[in-house]
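Tertiary structure, described
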Amino acid sequence: MHPSIGGRALIGQAIPRRALRADLLDFTGDPGLGTPSPGAARHRPDHWLLIDEHGRIAGVQPGAQAPGPDWLCEDHRGGLLTPGLIDTHVHSVQLDVIASYGAELLDWLERYTFPAEARHADAAHARAQAEAFADGLLAHGTTAAVVFPSVHAASVDALFGAAQRLGMRLITGKVLMDRHAPDDLRDDVAEAQAQCESLIARWHGTERLAFAVTPRFAATSTPEQLTMAGALLERHSGVYMQTHVAENRAEVAWIAKLFPEARSYLDVYQRAGLLNERAVLAHGIWLDDADRALLADSGAQIAHSPSSNLFLGSGLFDWQAMADARVHVSLASDVGGGTSLSMLRTMADAYRVQALRGVRLSAFKALYTATLGAARALRLDHEIGSLDVGRVADVTVWDWASGAVARGRDALARDLHERLFAWMMLADERNLVTTLVAGRTQYKRRSDDSGAPSTGRPKAAAPPWGADAAGVLGADRGDT
Ligand code: GUN
Ligand code: ZN
């Protein structure tokens, strides 16, 4: 069991015992890719979900059986209640670059992303953006995430601090980049190691927070830095690893030039000791069977990021091949390559990507992957991902449908899968009624139905767009 949830009290003081009434839906197993098999879905229409004073799920009972007077009751009858959604790859420092026009990965990084990340050297900016990001996740129904901040230790402190205040399960770590990056975003091996050690000491295992060793991708770390990253993992068991792999064809060709001794892009990470059951690798589009066998053997997971892959034109992820090789696959928004923090929109994009490959992703598999599947891949299913008794009460409540068209479609659904599929394709964050983290309400839709979080925080200053693109990725792509 993770040290942070071994005790009774989750975050601070006890809360009132609460009960939420809705249609409860979660999973007890993997429904499998393709043909919807309802066996793994646990649908309890019109039930109460009971949450104890420690923020954990205490039980479930039929809607007609009202909890006693010592339960604080919230009646969302007719709504859909699911475990909080889990985003396994998202960049907290890229909110400013969502929907930036006209580039594939390497040019996009250089033109838009690096300048935005450089602004996080300013600790006040980093704090404001981290708060906006954490609020944004909750306003989209995401209660747990694996996150890339920037190279700056202050951006990591800001993000952990924001998540801690909200009681969220969050995994993040300082981005490692000691080459092929602008001067103001480059670290070096010794400095990066010292910062990681001190961040691990400060945050890893504190409440619901965990550290991830975070080499951005093989192109922006020297072999020495990757080796240092592997040594950190060796020294600190329980720490995660996150990176990008095989996203874009030009990127893959560049990595082959930079690491001629490696069999493949993924092999670069294997040689550095970075692959294990706590490794989260985003994308994994351009991999082969040997890579997939390596992923399966190591227990590492691929964070499939369909919105980003479509937006940046990176490619169509082969989920079937991953499933055949028994690789853990989770779902990720990859904002700002992805265009929304919504895991619902991510699930809908995943369906579209698979449709282009001739595979029909069921709504059961999609929602499983964004809840229990991700929790299992992260080895956190004892804590999150389902409505089992004893799990932390990270919970979302949704309207099944909103607007005349979706309501009409919902009314015609003949079975649970049809209904859930229409929800997955037609709903978004505007359908979200409320988000609970460890039993506390951390997001509630305003009555004006805007879907915006009502934090009252000031808006971020207008960003100085891209005039200073540094040329660091384009300049020496032929180098080794
Ligand atoms: N590869 C290296 N860095 C990034 C990033 O920030 N976003 C995406 N999508 N891919 C990357
Ligand atoms: Zn990414």
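Starting afresh in each chain, residues are numbered from 1 along the sequence in its written order. Chains and ligands are labelled by the order in which they are written, letters from A for the one and numbers from 1 for the other. Given that the model is predicted, a residue must reach a pLDDT of at least 70 before its local features are reported, and side-chain atom pairs must reach 80 or more before they are shown or counted; all residues, however, enter totals for whole chains, interfaces and linings. The side-chain quantities take in all heavy atoms of the structure and omit both hydrogens and water.

Considerations on the coordination of the zinc ion (ligand 2)
- Surrounding the zinc ion (ligand 2) are the protein donor atoms H89 (NE2), H91 (NE2), H244 (NE2) and D334 (OD), at 2.0 to 2.3 Å.
- Geometry at the zinc ion (ligand 2) is irregular, judged from the 4 donor atoms that bind it and their angles of 90 to 166 degrees at the metal.
- In this description, a donor is an N, O or S atom within 2.8 Å of the metal centre, a cutoff extended to 3.2 Å for sodium, potassium and calcium. Water is not part of the atom list, which can make sites seem incomplete. Along the chain, the residues donating to the zinc ion (ligand 2) are arranged with the sequence spacing H-x1-H-x152-H-x89-D.
- Working definition: with a 1.4 Å probe on protein chains only, accessible area under 20% of the residue-type maximum means buried, over 50% means exposed, and in between means partly exposed. A relative accessible area of 1% means that H89 is categorised as buried. Every angle between 85 and 135 degrees makes a four-donor site tetrahedral, while opposite donors more than 155 degrees apart, with all other angles between 65 and 115, make a four-donor site square planar and a six-donor site octahedral; other sites are irregular.

Here's the deal with the site of ligand 1
- When we say a residue is near a molecule or strand, we mean one of its heavy atoms is within 4 Å of it. Taken together, H91, Q94, L105, W108, L109, R216, F217, H244, E247, H283, S308 and D334 form the complete shell of residues around ligand 1.
- Distance and chemistry together define a polar contact, namely a pair of N or O atoms within 3.5 Å, with one atom able to donate a hydrogen and the other to accept it when in protein, and with adjacent residues in sequence counting only for side-chain atoms on both sides. Between ligand 1 and the protein, one listed contact pairs an oxygen atom with a side-chain N or O atom of Q94 at 2.9 Å.
- Between ligand 1 and the protein, one listed contact pairs a nitrogen atom with a side-chain N or O atom of E247 at 2.7 Å.
- Burial of ligand 1 by the protein chains amounts to 100% of its free accessible area of 280 Å².
- For cavity detection a 1 Å grid was placed over the protein atoms alone, and a set of points counts as a cavity when a 1.4 Å probe fits there but cannot get out; an open set counts as a pocket when protein lies on both sides within 12 Å along at least five of seven lines, with lining residues being those that have an atom within 4 Å of a point. Molecule-in-pocket calls rest on the fraction of atoms, with more than half required to lie within 2 Å of the cavity or pocket grid points. With respect to the detected pockets, ligand 1 is housed in the largest cavity.
- Starting at the N terminus, helices and strands are each numbered in turn, a helix being any DSSP run of H or I of at least four residues and a strand any DSSP run of E of at least two. Among the elements that line the shell around ligand 1, the one with the most residues is helix α1 (residues 105-118), at 3 residues.
- Polarity classes work like this: nonpolar for Ala, Val, Leu, Ile, Met, Phe, Trp, Tyr, Cys and Pro, charged for Asp, Glu, Lys and Arg, and polar for all others, with Gly in that last group. Here the shell around ligand 1 is composed, by residue class, of 4 nonpolar, 5 polar and 3 charged. To be clear on the numbers: accessible area is Shrake-Rupley with a 1.4 Å probe, and residue cover counts the displayed protein chains and nothing else.

Brief notes about a nonpolar patch on the surface
- Residues L310, L316 and L356 make up a contiguous nonpolar surface patch of roughly 260 Å² in combined accessible area.
- As for its position among the elements, L310 is in helix α9 (residues 306-311). Two distance rules govern patches: like charges are joined within 9 Å, and nonpolar side chains (Val, Leu, Ile, Met, Phe, Trp, Tyr) within 5 Å, applied only to residues with over 30% relative accessible area and no salt bridge. We define a salt bridge as a contact between a side-chain nitrogen of Lys or Arg and a carboxyl oxygen of Asp or Glu at a distance within 4 Å.

Comments concerning empty space enclosed by the protein
- Grid points are joined across faces, edges and corners, and a volume is the space filled by probe spheres set on the points. Tallying each qualifying case throughout the model produces 5 cavities of 30 Å³ or more.
- Quantified by volume, the largest cavity comes out at close to 110 Å³.
- Around the largest cavity, the lining is made up of 14 residues, and of these L105, W108, L109, H244 and E247 lie nearest the centre.
- With 3 residues, α1 is the single largest residue contributor to the lining of the largest cavity.

Here's the deal with helix α4 (residues 189-203)
- For α4, which comprises 15 residues, the first-to-last C-alpha distance of 21 Å matches the rise-based estimate of 21 Å (1.5 Å per residue) to within 8%.
- Within the sequence span of α4, burial applies to A192, C196, L199, I200 and W203. End-on view of α4: buried residues confined to an arc of 100 degrees, all on one side of the axis. Across from the buried face of α4, at angles greater than 90 degrees, the exposed residues are A190 and A201.
- Of the residues that open α4, the one with a side-chain oxygen 3.2 Å from the backbone nitrogen of A190 is D188.
- Once α4 ends, the next one or two residues include G205, with phi positive near 85 degrees. Each residue after the first adds 1.5 Å to the expected span of a helix. It is the directions from the helix axis to the C-beta atoms whose arc is reported.

A word on the confidence of the model for the chain
- Summary of the metric used: pLDDT quantifies the predictor's per-residue confidence within the range 0 to 100. Looking at the chain as a whole, the pLDDT averages 92, with 91% of positions reaching at least 70.
- Contacts between residues were defined by any pair of non-hydrogen atoms, one from each residue, lying within 4.5 Å. Note on residues 450-470: pLDDT under 50 across the span, and 25 contacts to partners over four residues away in sequence or across chains.
- Counted against residues more than four places away or in other chains, residues 474-480, with its pLDDT under 50, gives 14 contacts.

So, the packing of helix α13 (residues 404-412) against helix α14 (residues 416-426)
- Each axis is a line fitted through C-alpha atoms, and for a helix only the stretch in contact is used; angles between axes span 0 to 180 degrees, taken between their N-to-C directions. Here α13 crosses α14 at 165 degrees, and the two axes come no closer than 8 Å. Relative to α14, the element α13 lies roughly antiparallel. Between α13 and α14 the crossing geometry is right-handed. Residues A406, R409, D410 and L412 of α13 form the contact with α14, whose own contacting residues are E418, R419, A422 and L426.
- For the contact of α13 with α14, the residue count by class is 4 nonpolar, no polar and 4 charged. For classification purposes, angles smaller than 35 degrees are called roughly parallel, those larger than 145 roughly antiparallel, those between 65 and 115 roughly perpendicular, and all remaining angles oblique. Note: crossing handedness is left-handed where the near helix turns anticlockwise from the far helix by less than a right angle, and right-handed where it turns clockwise.

A closer look at the pattern of salt bridges
- Applying the stated rule across the entire model yields 36 salt bridges.
- Between D70 and R17 there is a salt bridge whose closest N-O contact spans 2.5 Å. With D70 in the loop between β3 (57-62) and β4 (72-83) and R17 in the segment before β1 (18-27), this residue pair connects regions lying 53 residues apart in the sequence.
- Taking relative accessible area as the criterion, R17 reaches 28% and is therefore assigned partly exposed.
- A single network of salt bridges, built from pairs that share partners, joins D26, R42, R44, D388 and R391.

Quick notes on the side chain of S100
- For S100, the position within the fold is in the loop between β5 (85-91) and α1.
- A polar side-chain atom of S100 sits 2.8 Å from the main-chain carbonyl oxygen of V97.
- In contact with S100, other than residues within four places in its own chain, are W108, Y112 and F311.

Section: the nonpolar core
- Nonpolar cores are built from buried Ala, Val, Leu, Ile, Met, Phe, Trp, Tyr and Cys residues. Side-chain atoms within 4.5 Å join them into one set. Judged by nonpolar contacts, the single largest core of 117 residues is most densely connected at L281 and W423.
- Not counting the four nearest positions on each side in its chain, L281 is found in contact with M241, T243, V245, L266, Y269, L275, L295, A300, Q301, I302 and A303.
- Membership of the second largest hydrophobic core comes to 15 residues, among which are A144, I171, A212 and I384.

Topic: the layout of surface pockets
- One number sums up the size of the second largest pocket: a volume of about 360 Å³.
- For the lining of the second largest pocket, the secondary-structure elements that each account for two or more residues are α10 (319-324), β13 (328-331) and α12 (363-377).
- A per-element tally of the lining of the second largest pocket places α12 first, with 6 residues.
- Class assignment for the residues of the lining of the second largest pocket results in 7 nonpolar, 4 polar and 4 charged.

Some words on the sheet that holds strand β2 (residues 41-51)
- Spatial ordering of the open sheet is given by β3-β2-β1-β4-β14-β15-β16, a layout of 7 strands whose pairing is mixed. Taken across any chain shown, the strands that pair with only one partner, and hence form the sheet edges, are β3 and β16 (440-444). This sheet shows a mean twist of 40 degrees between the axes of neighbouring strands, independent of strand direction.
- At least two bridges found by DSSP between two strands is the condition for calling them paired. Relative to strand β14 (residues 395-398), β4 is paired through 4 bridges, and the arrangement is antiparallel. Note on β14: the bridge partner recorded for P83 is V395.
- Along the sheet face, α14 touches β1, β2, β4 and β14 and points at about 105 degrees away from the line of β1.

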